Amino acid sequence: MHERSNNLPGRIMKANAIPDRCLSLLVVGLGPAGVACTLQAARDGLDVLAVSDEPPGGLLRAARRLDNLPGCPGASGLSLCEQMALQLAASRAAQLRARVERLERSADGAFSASLDSGERIRSRCVCLATGTRPRPWDVPVEGDGRRVHRDARSLPEALADRRVAVLGGGEAALDTALWARDRGAEAVLLARGEKLRSAPGLEAEAREAGVIIQLESRVERAACTELGWALALDRGRVFRADELVVCIGRVPRDELLPASTESRAGLFLAGDLTRGRERYVATAMGEGQQAALAAAAFVQTGG
Ligand SMILES: Cc1cc2nc3c(=O)[nH]c(=O)nc-3n(C[C@H](O)[C@H](O)[C@H](O)COP(=O)(O)OP(=O)(O)OC[C@H]3O[C@@H](n4cnc5c(N)ncnc54)[C@H](O)[C@@H]3O)c2cc1C
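Residues numbered from 1 in each chain as written. Predicted model: local features only at pLDDT ≥ 70, side-chain atom pairs only at ≥ 80, totals over all residues.

Remarks on the nonpolar core
- In terms of nonpolar packing, the biggest core is built from 86 residues, with Leu26, Cys127 and Val166 touching the most fellow members.
- Two domains each donate at least three residues to this core, and these are domain 1 (15-133 + 251-300) and domain 2 (136-248).
- Once you skip the residues sitting within four places of it in the chain, cysteine 127 turns out to touch Leu25, Val27, Val28, Cys37, Phe268, Ala270, Ala291 and Ala295. (Core = buried A, V, L, I, M, F, W, Y, C linked by C-beta atoms within 7 Å. Buried ≥ 20, exposed ≤ 12 C-beta atoms within 10 Å, placed from the backbone. Domains from an automatic or database assignment. Contact = placed C-beta atoms within 7 Å.)

With respect to the site of the ligand
- With respect to spatial proximity, 39 residues lie near the ligand, and among them Gly29, Gly31, Gly58, Gly131 and Gly271 are the closest.
- Taken together, the residues that form the shell around the ligand break down as 20 nonpolar, 11 polar and 8 charged.
- Looking at which domains feed residues into the shell around the ligand, each of domain 1 (15-133 + 251-300) and domain 2 (136-248) supplies at least three. (Near = placed C-beta within 6 Å. Nonpolar A, V, L, I, M, F, W, Y, C, P; charged D, E, K, R; others polar.)

Observations regarding the environment of aspartate 234
- Here aspartate 234 is to be found in the loop between strand S13 (228-233) and strand S14 (238-241).
- Classification of aspartate 234 by C-beta neighbours within 10 Å gives exposed; the count is 11.
- In this structure the C-alpha to C-alpha distance between aspartate 234 and glutamate 216, which are 18 residues apart in sequence, comes to 8.9 Å. (Helix = DSSP H or I, 4+ residues; strand = E, 2+ residues; numbered from the N terminus.)

A word on the domain arrangement of the chain
- Domain boundaries in the chain define domain 1 (15-133 + 251-300) and domain 2 (136-248).
- Put simply, the middle of domain 1 and the middle of domain 2, counted by C-alpha atoms, are 31 Å apart.
- Each partner contributes to the interface: domain 1 provides 4 residues, whereas domain 2 provides 7 residues.
- Of the residues that constitute the side of domain 1 that touches domain 2, the class distribution is 2 nonpolar, no polar and 2 charged.

Re the sheet that holds strand S9 (residues 163-167)
- The 4 strands are arranged S11-S10-S9-S15 in an open sheet whose pairing can be described as parallel. Each end of this open sheet is capped by a strand with a single partner; those strands are strand S11 (212-214) and strand S15 (243-246). Within this sheet the neighbouring strands show an average axis-to-axis angle of 20°, counted without direction.
- Examined bridge by bridge, S9 and strand S10 (residues 186-190) share 5 bridges and lie parallel to one another. Note on S10: the bridge partner recorded for alanine 165 is valine 188.
- Most of the contacts of helix H3 (residues 171-182) go to S10, to which it runs at about 165°, and overall it touches S9, S10 and S15. (Pairing = 2+ DSSP bridges. Axes fitted to C-alpha atoms, helices over the stretch in contact; angles between N-to-C directions.)

The structure is reproduced here in structure tokens:
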């Protein structure tokens, strides 16, 4: 998992470059929140290392086009992620591709993070910016359930003459259906409710782009064969598709959070991990930056 071979600022470190000193700040997750935290901390001269199990940008990579991020009208999530990766590489921050599996407090009050490689990193402060994971989909699936996509990142590039079913009624589902349309698919959104839960402008754009929206369509069972998907809807209806994307919401990746009775001194949270429904890039970035400032104050006051 570890890539490239030096420990210069801004470079991805390899395994044997894991510092044995105690860092000032360990950032876990390099979505928009973790990137903002890491850049601010590096700018302020903190000894910071960011560890993420995905490339910089995190879930933003799944966003087709952003219209609510000031200064970046119409930018794709992917292009923003590429910019973030370049900016990080040019910064003084070190980064590592790995998964943090456990976070514990040592006797001296510092944090000890265990990586999937078995190595450990020690740090006085930690920013958890671990985002979300897809909400479990509890519909019974016959056949190869691994063929379910949970966002647009895993969809094939070329989808001309293919039918893509997108389950869900929120903004991520509409964005994903639009992405499938961009790639030439017949995109059909199947939503359980009587109306969608999304910004009206996005729904209008999707309809104009030819996304077919089927409301009151609850999938009760699914079967996947080499011919594609057969989705059994309520009232005995069957819907067929070549690809299936299930966008029914996301839940916080909070497994590294300590038990509520433990002290959280030196631990800062940022981004989607902390939010219920309204999860946006600008909010995540702001919280990441605030976490870096709070960590700097904590270190300065000898906390
Ligand atoms: C389809 C779609 C469209 C969207 N469109 C928009 C939009 O138009 N405008 C907008 O503002 N927002 C949009 N969003 C939301 C936006 O992408 C998120 O709000 C943002 O990415 C959250 O940033 P984050 O840093 O909190 O978390 P994430 O982006 O989820 O990043 C967290 C990162 O941490 C990593 N990680 C988690 N646990 C660990 C661990 N233990 N060890 C190492 N790494 C770990 C994850 O793999 C991930 O890479 C969209 C989202 C989707 C899915």
